[in-house]
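Tertiary structure, described
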Amino acid sequence: AGQQATGYLFGELGIAPISGTVYIDLNRNGTLDALPTDGRIPGVVITLVRGTDCSGAVVATTTTDAAGNYAFSGAAAGLTYTICQAQPAGYLQGGQNPGAGNASNAANAITITNLAVAGSTGNHFGEVASNSVITGRVWLDTDNGGTVNGSEAGIAGVVVELTGTDVAGNAVTRSTTTDASGNYRFEALPPGTYAVREPTQPTGTLDGRTVPGSNGGSASAPGAAAGGTPSAITGIVLGVSQTSAENNFGEIPPALLAGRVYADNNDNGSIDAAETGLAGVAITLTGTDDTGAAVTRSTSTGADGSYVFADLRPGSYAVTEPTQPAGTVNGRTTPGTL
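Notes on the structure in this doc start here.

Definitions and cut-offs
- Residues numbered from 1 in each chain as written.
- Predicted model: local features only at pLDDT ≥ 70, side-chain atom pairs only at ≥ 80, totals over all residues.
- Heavy atoms only, no water.
- Helix = DSSP H or I, 4+ residues; strand = E, 2+ residues; numbered from the N terminus.
- Rg over C-alpha atoms; globule rule 2.2 N^0.38 Å.
- Contact = heavy atoms within 4.5 Å.
- Areas by Shrake-Rupley, 256 points an atom, 1.4 Å probe, with all protein chains shown as cover.
- Lys, Arg positive; Asp, Glu negative; His and termini not counted.
- Charge placed at Lys NZ, Arg CZ, Asp CG, Glu CD.
- Pairing = 2+ DSSP bridges.
- Buried < 20%, exposed > 50% of the residue type's maximum accessible area, 1.4 Å probe, protein only.
- Core = buried A, V, L, I, M, F, W, Y, C linked by side-chain atoms within 4.5 Å.
- Disulfide = S-S within 2.5 Å.
- Phe/Tyr/Trp six-rings, centres within 6.5 Å; stacked < 30°, edge-to-face > 60°.
- Axes fitted to C-alpha atoms, helices over the stretch in contact; angles between N-to-C directions.

With that out of the way, let us pick up the overall build of the protein chain. When helices and strands are counted, the protein chain shows zero helices and 25 strands. Against the 2.2 N^0.38 benchmark of 20 Å for 338 residues, the protein chain shows a C-alpha radius of gyration of 36 Å, more extended than a compact globule. Along the first, second and third principal axes, the C-alpha set of the protein chain runs to 145 × 45 × 30 Å. Across the protein chain, contacts joining residues at least 24 apart in sequence account for 63% of those joining residues at least 6 apart. Taken as a whole, the protein chain presents about 17200 Å² of accessible surface, with 53% of it coming from carbon and sulfur. For the protein chain, the distance from the average position of its 12 positive side-chain charges to the average position of its 27 negative side-chain charges is 3 Å.

Set out below in C-alpha cells:
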C-alpha cells in the first residue's frame, strides 16, 4: 500500500516504406534510365531481411509488378535491413543501385542501415539481357576450299555442342542439331567466351576446314577428327546483343585410289577379255595428305586382282608393288584416271 510503480513503457517504431525497380540495363551504363532506353522485369522475387546480409530473419517477400517495381510497407524506422533479389532467369546480374545512404555489400543485395522514418526509395537492381547469338553451318566442302560455294550443300542432322563461361563466371552448355540446310543456331546467350564443336564426324565424310565466324576465334586444323579430337572453334567472345555468324564446319568427301594386278599375256598394257587378275599380291600406298601428314597403307589384291585404298584425304600418293608376283616378270605399269 502506498507504493508508486512507474516507468512501464510501450515503445513504438514508425513504419517506413522501402521501394525500388528491377530493370534491364540495355545500354550498360549501370543506372536506371527511362523507357525504352532500359527495360523492366516483372515477377522478380524480392525479400526483405533483418540485418546486414541475406542470412538474417525474413521480414517480408514480394514480387515486382508489371513495371518492374517493388515495395515493402512494413519496415520499422531505425532498424537495419537488407533487400535480397532472386536473380531472374535468363538474365545476368548487372549490378545494384542502392538508394540514398545505402550500400551494395554483395551481388543481388542492398543494405539499409538505420532505416529513416521517411523510408528508402530508389533501391534498384540492374540486369543484363541474355540475347547474344552464335550461328553457323555444317556443309560438304567438295573442293576443300574452306568457303561455302553456291553448289555445295549443307549437311542435316549433325550434332553441334556449345560450351563456355559467361561474364559472371557461370558455365554454359548447350547442344543442337543442324537443320535441313546444315544450319545451326544458339540463341539467348549471355555475354561471355564460348566454343562450338562437332563431337561426331558426319557419316561418309572426313574432317575438312573449320572456319571461325564474324567474332573471330581459333579453329581446329583439318583432320582433327581423325585423331579422336572433335573439330572445334574456340575463343568466341560475345558482348551484349552481339551475333557471331558463319562459324562453319566444312566436311570433305573421302577420296579413293584403286587398281588391279593382272596377267598381261600380250604385254600391251591393257586388260583384255581373256586376261585374269592375280590374287594375293601385296600393294603399298604412301604419300602426304592435305594436312601434311605422312600416309602409309598396305593391302592385298582380291580374287580378281583388284585393290582399293578408300577413305583417303586429298593429297599426293604413290602405289607400289613391293614384291614381284611368283611366276611372273614385271610388265607394263599403267597410271590411272588421275
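Still more ground to cover, so stick around.
Moving on, we come to the sheet that holds strand E13 (residues 171–177). What the five strands build is an open sheet, ordered E13-E12-E15-E18-E17; its pairing is antiparallel. Pairing within the sheet leaves two strands with one partner each, and these edge strands are E13 and strand E17 (218–219). Here two bridges tie E17 to strand E18 (residues 231–238), and the two strands are oriented antiparallel to one another. Bridge pairing in E18 places Ser 218 opposite Thr 234.

With that settled, the discussion passes to the pairing of strand E10 (residues 124–129). Most of E10 sits inside the fold, with six of its six residues counted as buried. Judged by which residues are buried, E10 turns out to be covered on both faces: His 124, Gly 126 and Val 128 on one side and Phe 125, Glu 127 and Ala 129 on the other are all buried. The pairing of strand E1 (residues 15–24) with E10 spans three bridges and is classified as parallel. Residue pairing across strands places Val 22 opposite Phe 125, the latter belonging to E10. Relative to E10, strand E7 (residues 91–97) runs antiparallel, the two being bridged by six bridges.

Let's shift gears to the nonpolar core. One recurring pattern in soluble globular proteins is that nonpolar side chains are buried together. In terms of nonpolar packing, the biggest core is built from 20 residues, with Ile 18, Ile 46, Leu 48, Phe 72, Ile 83, Leu 115 and Phe 125 touching the most fellow members. Secondary-structure elements contributing two or more residues to this core are E1, strand E3 (45–50), strand E5 (69–76), strand E6 (81–85), strand E9 (109–112) and E10. Phe 72 has contacts with Ala 16, Pro 17, Ile 18, Ile 46, Thr 47, Leu 48, Ala 60, Thr 61, Thr 62 and Ile 83, leaving out every residue within four places of it along the chain. Counting residues in each nonpolar core, the second largest holds 16 residues, with Ile 155, Val 160, Tyr 194 and Val 196 among its members.

Enumeration over the complete set of coordinates arrives at one disulfide. Paired through a disulfide, Cys 54 and Cys 84 show a sulfur-sulfur distance of 2.0 Å. On the sign convention where negative is left-handed, the bridge of Cys 54 and Cys 84, at about -115° about the S-S bond, is left-handed. Taken together, the residues span a long stretch of sequence, with Cys 54 in the loop between E3 and strand E4 (58–63) and Cys 84 in strand E6 at a distance of 30 residues.

To continue, consider the packing of aromatic side chains. Scanning the model with the defined rule gives five aromatic pairs in all. Seen from their ring centres, Tyr 184 and Phe 249 are 6.4 Å apart, and the 45° between their planes marks the pair as tilted. You can see Tyr 184 sitting in strand E14 (residues 183–189) and its partner Phe 249 sitting in strand E20 (residues 248–252), a full 65 residues away along the chain. In this pair, the class of Tyr 184 matches that of Phe 249, namely buried.

What follows covers the side chain of Asp 166. Considering the arrangement of structural elements, one finds Asp 166 in strand E12 (residues 159–166). Once residues within four sequence positions are removed from consideration, Asp 166 is found in contact with Leu 92, Val 172, Pro 190, Pro 191, Gly 192 and Tyr 194.

Read across the open sheet, the five strands follow the order E4-E3-E6-E9-E8; overall the sheet is antiparallel. Edge positions in the sheet fall to E4 and strand E8 (103–106), since each has one partner strand and no second. Ignoring which end each strand starts from, the neighbouring axes of this sheet average 25° apart. When E3 meets E6, the two strands line up antiparallel, connected through five bridges. Bridging from a neighbouring strand, Arg 50 pairs with Tyr 81 of E6.

Cis geometry marks the peptide bond from Leu 35 to Pro 36; its omega dihedral reads 0°. With respect to the element layout, Pro 36 can be found in the loop between E1 and strand E2 (39–40). Of note, Glu 246 is a non-glycine position whose phi angle comes to about 65°, a positive value. Of note, Glu 246 is situated in the loop between strand E19 (243–244) and E20. Of note, the phi angle at Asp 267 is positive, near 55°, even though the residue is not glycine.

The values are spatial; any link to function lies outside them.
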